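# Coordinate analysis (summary)
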Amino acid sequence: MMKLSILDQSPIPSGKNASEALMDTRRLAQAADQLGYHRFWVSEHHYSPSLAGSSPEVLISHLAAATDRLRIGSGGVMLPHYSSYKVAENFKVLEGLYPNRIDLGVGRAPGGMPLATKALQEGKRHQRDHYAEQLSDLMTYLHDQADEQHRFPRLLATPLLETAPQMWLLGSSGGSARLAAERGIGYAFAQFINGAGGAEVVHNYVRNFRPTVINQTPHTLLAIFVICAETDAEAERLASSLDLSLLMLEKGMIGGRGIPSIEEAEKYPFTAMDRMIVERNRSRMVVGSKTRVAERLLQLSEEYSTDELMLVTITHDIEAKIYSYQLVAEAIA
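What comes next concerns the included structure.

The rules behind the values
- Residues numbered from 1 in each chain as written.
- Predicted model: local features only at pLDDT ≥ 70, side-chain atom pairs only at ≥ 80, totals over all residues.
- Heavy atoms only, no water.
- Core = buried A, V, L, I, M, F, W, Y, C linked by side-chain atoms within 4.5 Å.
- Buried < 20%, exposed > 50% of the residue type's maximum accessible area, 1.4 Å probe, protein only.
- Helix = DSSP H or I, 4+ residues; strand = E, 2+ residues; numbered from the N terminus.
- Salt bridge = Lys/Arg side-chain N within 4 Å of Asp/Glu carboxyl O.
- Expected span 1.5 Å × (residues − 1).
- Contact = heavy atoms within 4.5 Å.
- Patch = residues over 30% accessible without salt bridge, like charges linked within 9 Å, V, L, I, M, F, W, Y side chains within 5 Å.
- Areas by Shrake-Rupley, 256 points an atom, 1.4 Å probe, with all protein chains shown as cover.
- Axes fitted to C-alpha atoms, helices over the stretch in contact; angles between N-to-C directions.
- Parallel < 35°, antiparallel > 145°, perpendicular 65-115°, else oblique.
- Left-handed = near helix turned anticlockwise from the far one by under 90°.
- Pairing = 2+ DSSP bridges.
- Right-handed = clockwise from strand over helix to strand, strands pointing away.
- Phe/Tyr/Trp six-rings, centres within 6.5 Å; stacked < 30°, edge-to-face > 60°.
- Polar contact = N/O pair within 3.5 Å; in protein donor to acceptor, adjacent residues only side chain to side chain.

Our focus in this paragraph is the nonpolar core. Counting 67 residues, the largest nonpolar core has Y37, F40, V106, L138, M167, L297 and V328 as the members making the most contacts within it. Among the elements that take part in this core, helix 12 (residues 318-332) stands out by supplying seven residues, more than any other. Ranked by size, the runner-up nonpolar core spans 25 residues in total, among them W168, A190, A235 and L242.

The subject of this paragraph is the pattern of salt bridges. Going through the model one piece at a time under the given rule, you end up with 23 salt bridges. The shortest N-O distance in the salt bridge between E319 and R27 comes to 2.7 Å. Of this pair, E319 sits in helix 12 while R27 sits in helix 1 (residues 18-35), and the two are 292 residues apart along the sequence. Note on R27: relative accessible area 35%, which makes it partly exposed. Each of D232, E236, D243, R282 and R292 takes part in salt bridges that share partners, so that together they form one network.

Here we take up helix 8 (residues 232-250). The first and last C-alpha atoms of helix 8 sit 26 Å apart over 19 residues, in line with the 27 Å expected at 1.5 Å per residue. Those residues of helix 8 that are buried lie in contact with strand 7 (220-228), helix 9 (262-267), helix 10 (272-281), strand 8 (285-288) and helix 12. Directly after helix 8, the chain includes G252, whose backbone phi takes a positive value near 70°.

On to a nonpolar patch on the surface, then. On the surface, a cluster of nonpolar side chains totalling about 390 Å² of accessible area is made up of Y47, M113 and L115. With respect to the helices and strands, the residue Y47 is situated in the loop between strand 2 (39-42) and helix 2 (56-66).

Turning our eyes to something else, we now look at the packing of helix 3 (residues 84-97) against helix 5 (residues 131-142). Between helix 3 and helix 5, the shortest axis-to-axis distance is 9 Å and the interhelical angle comes to 40°. Taken as axis vectors, helix 3 and helix 5 run oblique relative to one another. Regarding helix 3 and helix 5, the two cross each other, and that crossing is right-handed. Touching S84, Y85, V87, A88 and K92 of helix 3 are Q134, D137, L138, Y141 and L142, all from helix 5.

Moving on, we come to the pairing of strand 3 (residues 71-78). Counted residue by residue, strand 3 has eight buried out of eight residues, so it is predominantly covered. Examined bridge by bridge, strand 2 and strand 3 share four bridges and lie parallel to one another. Across the sheet, residue F40 finds its bridge partner in strand 3, namely I72. Between the parallel elements strand 2 and strand 3, the chain passes through helix 2 in a crossover that is right-handed.

In total, this model carries eight aromatic pairs according to the counting rule given. A centroid spacing of 5.7 Å and a plane angle of 85° characterise the contact between Y37 and Y325, whose relative ring orientation is edge-to-face. Residue Y37 is found in the loop between helix 1 and strand 2, and its partner Y325 is found in helix 12; the two are separated by 288 residues along the sequence. Its relative accessible area of 1% is what places Y325 among the buried residues.

The subject of this paragraph is the environment of R101. On the secondary structure map, R101 appears in the loop between helix 3 and strand 4 (102-107). For R101, a relative accessible area of 11% puts it in the buried group. As for R101 and L156, which are separated by 55 residues in sequence, their C-alpha atoms are 22 Å apart. Filtering out sequence-adjacent residues up to four positions away, R101 remains in contact with A64, T67, D68, R69, L70, R71, I72 and E95. One polar contact links R101 to T67, side chain to side chain, over a distance of 2.7 Å.

Let's shift gears to the side chain of T212. Mapped onto the secondary structure, T212 falls in the loop between helix 7 (198-208) and strand 7. When neighbours within four sequence positions are excluded, T212 is seen to be in contact with M139, E182, R183 and G184.

Let us now look at the side chain of T220. With respect to the element layout, T220 can be found in strand 7. Residues contacting T220, with those up to four places away along its chain left out, are W168, Y187, V202, Y205, V206, S305, T306 and E308.

This is how it looks when you write it as structure tokens:
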């Protein structure tokens, strides 16, 4: 049976502020809990005028307290900015508070502009890419496996627990999939970031998977933009807001405007080149009525040979967003 999950980036609609966007994320998580969704992940973006989620660990704690059943996690923690040891302790505290409900998704992207990266990594000296080593350390600390041969002999990340967060690696290319397969980590492919070649990347992950303390078998999910409405026409109308938002982001125009409204999208003077960009971005999106969306999601599940789809829905109106998730849940059920 297919599992449905959600990634919410706490987008800030034009006319709203960041605090309202975070409250919308809480409201959405509570709705997802009632609708039967499996996971609810929040993202990490820095120095962003249109996305409010900069600290997934803090938001996860709030959302887990506000829900009963959902797995709550990060999609994801941008590990190169941080100490693996501190990340492990943050998520072990969360696991201790909410046993068997916490996911630790990690990625290597900066999650923001170069200026923010400099501030996050101030004082660090990186002569080389040490992401692979960080992943290995994180696995070690989460499962209390630092031995005498480790560079920090017998170091334990506290609190000491009987369970551990589920660990996932986020990626949109073959490099992250290879690292996940080598370490037995679950792999989440972000088609909403990269609309091409994902199925082969996921299949390669499964073929090259090696059992470890993290997982004995491969675990995969596919994350994609989805907007669903009563009719195809209404879904297209709702999606115009996301179309313009992605276009503005690509052109460096997002500024402090937030996610544009449908009315702003309808008035925007799209050029022929803009229309080409919008059409290209549609490879990252599934838009339509319940029937159309369900057919495409089932097709993607088969293409990727995965039983879990993580939906990313960005609309200007929170009611339309919640209703979109409701319609998809009904369609797949």
